[in-house]
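Chain by chain, the residues run as shown.
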Amino acid sequence: MAREGVTFEQVAAAADALVGAGQQPTIRAVREKLGDTGSPNTIHKLLAKWRDARPVAIASAPELPQALVTALATEIARAASQARSEVEADLAAERADAKRLAEDSDRKDAELAELQEQIAALTTERDTLAGKTAQQSADLAEAQQRIEREQQAAEAARVELAKAQLKIDAQAETLTHQAAEVERLRADLAGEVKGRVAAEQQAAVLTAKLESMTERTGKAETRVDVLEKQLHQVSGELNQARVQAQAQQGALDAAGRELEAAKVDAAAARAEAKKSAAEASELRGKVATLEAKGKKAGE
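Every value quoted in this text rests on a predicted model; they were computed, and no experiment measured them.

Let us look at the overall build of the protein. When its secondary structure is counted, the protein shows five helices and zero strands. In sequence order, the protein lays out its α and β elements as α-α-α-α-α. A buried classification covers 17% of the 299 residues belonging to the protein. Excluding contacts between residues fewer than 6 apart, the proportion of contacts in the protein whose partners are at least 24 apart in sequence is 73%. Accessible area for the protein stands at about 21900 Å²; split by element, carbon and sulfur atoms hold 56% of it.

Next up, the structure:
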């Protein structure tokens, strides 16, 4: 805040009070009288104005003897000279004080201006820090809320993790049982595969027999055709051909019976192979289902 200037009335009143107390109205004395306020330059100007405005008292002197007048004049001249010297000394001292006070005033004005700038900078910094503090308080409150939310989420995650661990343990136990069941089924499947291989081998043997019987039947039928042709061609040798035909018919009947027996065996072998294949397929389905369950439980 800028200092308030002094007025002429204040300086004049202070100077009059000093004169009335028998003191010289110097710049320093007037400034002290005013409570150390006012610029020394301003006080100097107003004090000069006060001196110029003071009335000069002219008193009418009575008639005195010439010797007394001469002595008084000499004394007055001496006193005036002494007073002039004192005034000049006081004026020099006052000017020195005025210069020093002016320098002090300028220095204080500069210091005051610097302090005002520092106050303005500190005020700006204070406002900035207040804004930052408010923002940091808001950020801190938000961070605390976020930490609380994260703590709640972590607690919920721990609960879910415990549940998942229990579920995993249960699934691991189930998977262990399923793995044992899979091993058992694999063992059963291995046995079934062995049985199926044996059945397939037996079926192959029976098929070979069937093919052999079929070939023999074909050959017999061919022979029957030949005999029938011979029977028609050799009508004269009917009896002999009939005997031969009967013999051939016996062989054909025997071959037919053997063929029927081979067909029955082959049908039985095919039925057994089909049953083994169905059982093996069913076992494969069970194994695939258990393996899928085990894979799903492992995920």
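Resuming the write-up.
Looking now at helix H3 (residues 40-53). Helix length check: H3 (14 residues) gives 20 Å between terminal C-alpha atoms against 20 Å at 1.5 Å per residue, within 8%. What H3 keeps buried is the set Pro40, Ile43, Leu46, Leu47 and Trp50. The buried side chains of H3 occupy one side of the element, clustering within an arc of 130° when seen end-on. Looking at H3, the residues exposed on the side facing more than 90 degrees away from the buried face are Lys45 and Asp52.

This part takes up the nonpolar core. Grouped together as the largest cluster of nonpolar side chains are 13 residues, with contacts concentrated most on Val6, Val11, Val30, Ile43, Leu47 and Trp50. Elements with a contribution of two residues or more to this core: helix H1 (8-20), helix H2 (27-33) and H3. In terms of residue count, the dominant contributor to this core is H1 (five residues).

For the rest of this paragraph, the subject is the packing of aromatic side chains. Per the stated rule, a full pass over the model turns up zero aromatic pairs. The aromatic ring of phenylalanine 8 is capped on one face by lysine 49, whose charged end is 4.8 Å from the ring centroid.

Rules and cut-offs
Residues numbered from 1 in each chain as written. Predicted model: local features only at pLDDT ≥ 70, side-chain atom pairs only at ≥ 80, totals over all residues. Heavy atoms only, no water. Helix = DSSP H or I, 4+ residues; strand = E, 2+ residues; numbered from the N terminus. Buried < 20%, exposed > 50% of the residue type's maximum accessible area, 1.4 Å probe, protein only. Contact = heavy atoms within 4.5 Å. Areas by Shrake-Rupley, 256 points an atom, 1.4 Å probe, with all protein chains shown as cover. Expected span 1.5 Å × (residues − 1). Arc of directions from axis to C-beta. Core = buried A, V, L, I, M, F, W, Y, C linked by side-chain atoms within 4.5 Å. Phe/Tyr/Trp six-rings, centres within 6.5 Å; stacked < 30°, edge-to-face > 60°. Lys NZ or Arg CZ within 6 Å of the ring centre and 35° of its normal.

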